[in-house]
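# Residue-level structural notes
Residue strings, one per chain:
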Amino acid sequence: MGSLPVPDVRFWAESGGMLIKQARHAASLNQTALAAASGTSRTTLSAYEHGRKSPTLETAGRILDAAGFRLALEQKVDFTRHQSGCHVPDRLWRLPVGRALAVPGGRRREVYAELLRSGTPDELLGSIDGALLVDCWDELDLPGPVRQAWTPVVEAARRTEETSFS
């Protein structure tokens, strides 16, 4: 049996630090205020934010909670580059409401079709809402190979949606 790859601890320390810093900025708090509200010191909070130190999950949760956020588990989306050149995910995802509705309904089909044809994984993740894609899927003007590549993912989402409310 092979061994699991060693996780890149520095990457996760820096990523966790960025999340804490983003939460602090979104809450309009300085380090001193967030440290006091979360029961940690300002120097320790700074070390977390700069990736010099990694908080435990409990500590990260407490800091995020004090900033008005929660630590949540989110399923990762993996992409495969299809022979047509488009990037196809292994599942659909949801966007926060504000981002999902940022594209006006009248332009959504046009924008989604363009993104499905040539969007990068980051562009797709940041602009397409899975439920809204399923809703307008049949009306999208897509080249055959792109539609064929995306159909299994859309159909899987439709099946999941149908069974989740039964």
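These remarks concern the structure in this document. (Residues numbered from 1 in each chain as written. Predicted model: local features only at pLDDT ≥ 70, side-chain atom pairs only at ≥ 80, totals over all residues. Heavy atoms only, no water.)

## Description of the overall build of the chain
Across its full length, the chain holds 9 helices and 2 strands. Scanning the chain from its N terminus toward the C terminus, one meets helices and strands in the order α-α-α-α-β-β-α-α-α-α-α. Looking at the chain as a whole, 35% of its 166 residues qualify as buried. Within the chain, residue pairs in contact and separated by at least 24 positions form 56% of the contacts whose partners lie at least 6 positions apart. A total accessible area of about 10,800 Å² is found for the chain, and carbon and sulfur atoms account for 55% of it. (Helix = DSSP H or I, 4+ residues; strand = E, 2+ residues; numbered from the N terminus. Buried < 20%, exposed > 50% of the residue type's maximum accessible area, 1.4 Å probe, protein only. Contact = heavy atoms within 4.5 Å. Areas by Shrake-Rupley, 256 points an atom, 1.4 Å probe, with all protein chains shown as cover.)

## So, the nonpolar core
If you look at soluble globular proteins, the nonpolar side chains tend to sit buried side by side. Membership of the largest hydrophobic core comes to 28 residues, with the highest contact counts inside it found for Leu-92, Leu-116, Ile-128, Leu-133, Trp-137, Leu-140 and Trp-150. At the level of secondary structure, the elements contributing two or more residues to this core comprise α6 (105–118), α8 (130–136) and α9 (144–164). Per-element accounting of this core gives the leading share, 6 residues, to α9. Look past the residues within four positions of Leu-133 in its chain and what remains in contact with it is Leu-92, Tyr-112, Leu-116, Ile-128, Leu-140, Trp-150 and Val-154. Ile-20, Leu-34, Leu-64 and Ala-67 belong to the second largest nonpolar core, which has 9 residues in total. (Core = buried A, V, L, I, M, F, W, Y, C linked by side-chain atoms within 4.5 Å.)

## A look at the packing of helix α2 (residues 31–38) against helix α4 (residues 57–66)
At a closest axis distance of 8 Å, the pairing of α2 and α4 adopts a crossing angle of 115°. Crossing handedness for the pair α2 and α4: right-handed. Residues Leu-34, Ala-37 and Ser-38 of α2 form the contact with α4, whose own contacting residues are Arg-62, Ile-63 and Ala-66. Split into classes, the residues belonging to the contact of α2 with α4 amount to 4 nonpolar, 1 polar and 1 charged. (Axes fitted to C-alpha atoms, helices over the stretch in contact; angles between N-to-C directions. Left-handed = near helix turned anticlockwise from the far one by under 90°. Nonpolar A, V, L, I, M, F, W, Y, C, P; charged D, E, K, R; others polar.)

## Points about α4
For α4, every residue scored as buried is listed here: Thr-59, Ala-60, Ile-63 and Leu-64. Buried positions in α4, seen along its axis, are confined to an arc of 130° and lie on one side of it. Turned more than 90 degrees away from the buried face of α4 sit Leu-57, Glu-58 and Asp-65, all of them exposed. Two residues or fewer after α4 comes Gly-68, characterised by a positive phi angle close to 95°. (Arc of directions from axis to C-beta.)

## Brief notes about the pattern of salt bridges
Following the criterion strictly, the structure yields 8 salt bridges and no others. Taking the shortest distance from any N to any O, the salt bridge between Glu-49 and Arg-24 comes out at 2.6 Å. Placement of the pair is Glu-49 in helix α3 (residues 42–49) and Arg-24 in helix α1 (residues 9–26), with a sequence separation of 25 residues. On the basis of relative accessible area, Glu-49 is assigned to the buried category, the value being 6%. Here Glu-114 ties to Arg-117 by a salt bridge, and the two come within 2.9 Å at their closest N and O atoms. A residue pair is termed a helical-turn pair when its members lie 3 or 4 positions apart in one helix, as Glu-114 and Arg-117 do in helix α6 at 3 residues. When salt bridges that share partners are traced, they join Asp-138, Glu-155 and Arg-158 into one network. (Salt bridge = Lys/Arg side-chain N within 4 Å of Asp/Glu carboxyl O.)

## Digging into the side chain of Gln-31
One can find Gln-31 in helix α2. In this structure the side chain of Gln-31 is engaged in a polar contact, spanning 2.9 Å, whose partner is the side chain of Glu-49. What Gln-31 contacts, discounting residues up to four positions off in sequence, is Arg-24, Arg-42, Leu-45, Ser-46, Glu-49 and His-50. (Polar contact = N/O pair within 3.5 Å; in protein donor to acceptor, adjacent residues only side chain to side chain.)

## A few points about the environment of Pro-143
With respect to the secondary-structure elements, Pro-143 resides in the loop between α8 and α9. Accessibility expressed as a relative area gives 36% for Pro-143, which makes it partly exposed. A C-alpha to C-alpha distance of 9.9 Å links Pro-143 and Leu-116, two positions 27 residues apart in sequence.

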